[in-house]
Amino acid sequence: RDYVNAVRDEVRHMSGLVNELLSFSKAGLRGKDLALSTVELGPLLDRVVAREAAEEDAVRIQAPEALAAVAEPELLARAVGNLLRNALRYAGHAGPVELTTAGQGDEVVITVADQGPGVPPESLAKLCEPFYRPDAARTREQGGVGLGLAIVKSCVDACQGKLALRNRQPQGFEGEIRLRRAGS
């Protein structure tokens, strides 16, 4: 029975890896000819949080009503979901993760911020490289294979947006997605 459970865990891990690789490839391939549309952010964020956060109070959402961006909904949900999953995995113990949206002129800004330890400053520029992990000694149980943020970047690029990743002061990490505001 232990052997079967171990094999089942390995199959789940391999299936997750294949899905991440497919998402990474799809986002990169679909970028130039992708049809973008108006995406209402409130309902999209609610779906992402329901899927990613096991505990109800793990994520605090601040999103104005009726704020919409120009994007591809599936790719935007994947990007926000991966940022949120990382924040919960590496910093969920440090308090609720904050998921906020704001309109800034002709842009919409989506931010996922945590209160965790952040990443080493020398790693910031490499975080979106496929298979890069800030801590090479990290095991599979402690972290993924280094595709999550590469997928976020591919998805945001395909939506013609911009991604910024930075450490917060005095502690924490944040990912910021900037997209064209719908109606601008």
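Here, the structure is the one placed above.
Computed from a predicted structure; not experimentally measured.

Undergrad: Help me understand the nonpolar core in this model?
TA: Within soluble globular proteins, side chains that are nonpolar generally end up buried alongside one another. Counting 42 residues, the largest nonpolar core has Val59, Leu76, Ile110 and Ile177 as its most contacted members. It is helix 3 (residues 73–91) that contributes the most residues to this core, nine residues altogether. Not counting chain neighbours up to four residues away, the residues in contact with isoleucine 110 comprise Leu41, Leu76, Val80, Leu99, Thr100, Thr101, Gly175, Glu176, Ile177 and Leu179.

Undergrad: Sorry, what's going on with the state of the cysteines here?
TA: In protein chemistry, a disulfide is the covalent bond that joins the sulfur atoms of two cysteines. The tally for this structure, following the rule as stated, stands at zero disulfides. Cysteine 159 provides the cysteine sulfur closest to cysteine 155, a residue in no disulfide bond, and the two sulfurs are 6.9 Å apart. The exposure class of cysteine 159 is buried, given its relative accessible area of 3%.

Undergrad: Any chance you could explain the packing of helix 2 (residues 41–52) against helix 3 here in plain terms?
TA: Each pair of packed helices can be summarised by the angle the axes make with each other and by the distance between the axes. One can describe the packing of helix 2 onto helix 3 by two numbers: an axis separation of 9 Å at closest approach and a directional angle of 45 degrees. By the angle between their axes, helix 2 is oblique relative to helix 3. In the packing of helix 2 onto helix 3, the handedness of the crossing is right-handed. Of the residues in helix 3, those in contact with Leu41, Leu44, Leu45, Val48, Val49, Arg51 and Glu52 of helix 2 are Pro73, Leu76, Ala77, Val80, Gly81, Leu84, Arg85 and Leu88. The residue makeup of the contact of helix 2 with helix 3, split by class, is eleven nonpolar, one polar and three charged.

Undergrad: What is the right way to look at the pattern of salt bridges in this model?
TA: Where side chains of opposite charge bring their charged atoms close, a pairing between them can arise. For the coordinates displayed, the defined rule picks out nine salt bridges. With a closest N to O distance of 3.1 Å, lysine 153 and aspartate 157 form a salt bridge. Separated by four residues within a single helix, lysine 153 and aspartate 157 lie in helix 4 (residues 148–158), roughly one turn from each other. Across the salt bridge formed by glutamate 176 and arginine 166, the nearest N and O atoms sit 2.8 Å from each other. Highlighted residues: glutamate 176 in strand 7 (residues 173–180) and arginine 166 in strand 6 (residues 162–167), separated in sequence by ten residues. For glutamate 176, a relative accessible area of 12% gives the class buried. Given a relative accessible area of 29%, arginine 166 falls into the partly exposed group. What emerges from the salt-bridge pattern is a single network uniting Glu107, Arg166, Arg168, Glu174, Glu176 and Arg178.

Undergrad: Would you mind going over the sheet that holds strand 7 with me for this structure?
TA: Pairing between sheet strands relies on hydrogen bonds along the backbone, with the strands arranged either parallel or antiparallel. Judged by pairing direction, the sheet is mixed, and its five strands sit side by side in the order 2-4-5-7-6 without closing on themselves. Single-partner strands in this sheet number two, and they are strand 2 (59–62) and strand 6. The mean inter-strand angle of the sheet, taken between neighbouring strand axes irrespective of direction, is 15 degrees. Where strand 2 and strand 4 (residues 97–104) come together, four bridges link them in parallel fashion. Bridged to valine 59 within strand 4 is valine 97.

Undergrad: Honestly, helix 2 in this entry has me stumped. Any pointers?
TA: In an α-helix there are 3.6 residues to a turn, and that puts residues three or four apart on one side. Its twelve residues place the ends of helix 2 16 Å apart at the C-alpha level, agreeing with the 16 Å of an ideal helix rising 1.5 Å per residue. Where helix 2 is concerned, the buried positions are Leu41, Leu44, Leu45, Val48, Val49 and Glu52. Here the buried residues of helix 2 occupy an arc of 130 degrees about the axis, which is enough to place them on one side. Among the exposed residues of helix 2, those pointing more than 90 degrees away from its buried face are Arg47, Ala50 and Arg51. Packed against the buried residues of helix 2 are strand 1 (37–40), strand 2, strand 3 (68–71), helix 3, strand 4 and strand 5 (107–113).

Definitions and limits used
Residues numbered from 1 in each chain as written. Predicted model: local features only at pLDDT ≥ 70, side-chain atom pairs only at ≥ 80, totals over all residues. Heavy atoms only, no water. Core = buried A, V, L, I, M, F, W, Y, C linked by side-chain atoms within 4.5 Å. Buried < 20%, exposed > 50% of the residue type's maximum accessible area, 1.4 Å probe, protein only. Helix = DSSP H or I, 4+ residues; strand = E, 2+ residues; numbered from the N terminus. Contact = heavy atoms within 4.5 Å. Disulfide = S-S within 2.5 Å. Axes fitted to C-alpha atoms, helices over the stretch in contact; angles between N-to-C directions. Parallel < 35°, antiparallel > 145°, perpendicular 65-115°, else oblique. Left-handed = near helix turned anticlockwise from the far one by under 90°. Nonpolar A, V, L, I, M, F, W, Y, C, P; charged D, E, K, R; others polar. Salt bridge = Lys/Arg side-chain N within 4 Å of Asp/Glu carboxyl O. Pairing = 2+ DSSP bridges. Expected span 1.5 Å × (residues − 1). Arc of directions from axis to C-beta.

Keep in mind these numbers describe shape, not what the thing actually does.
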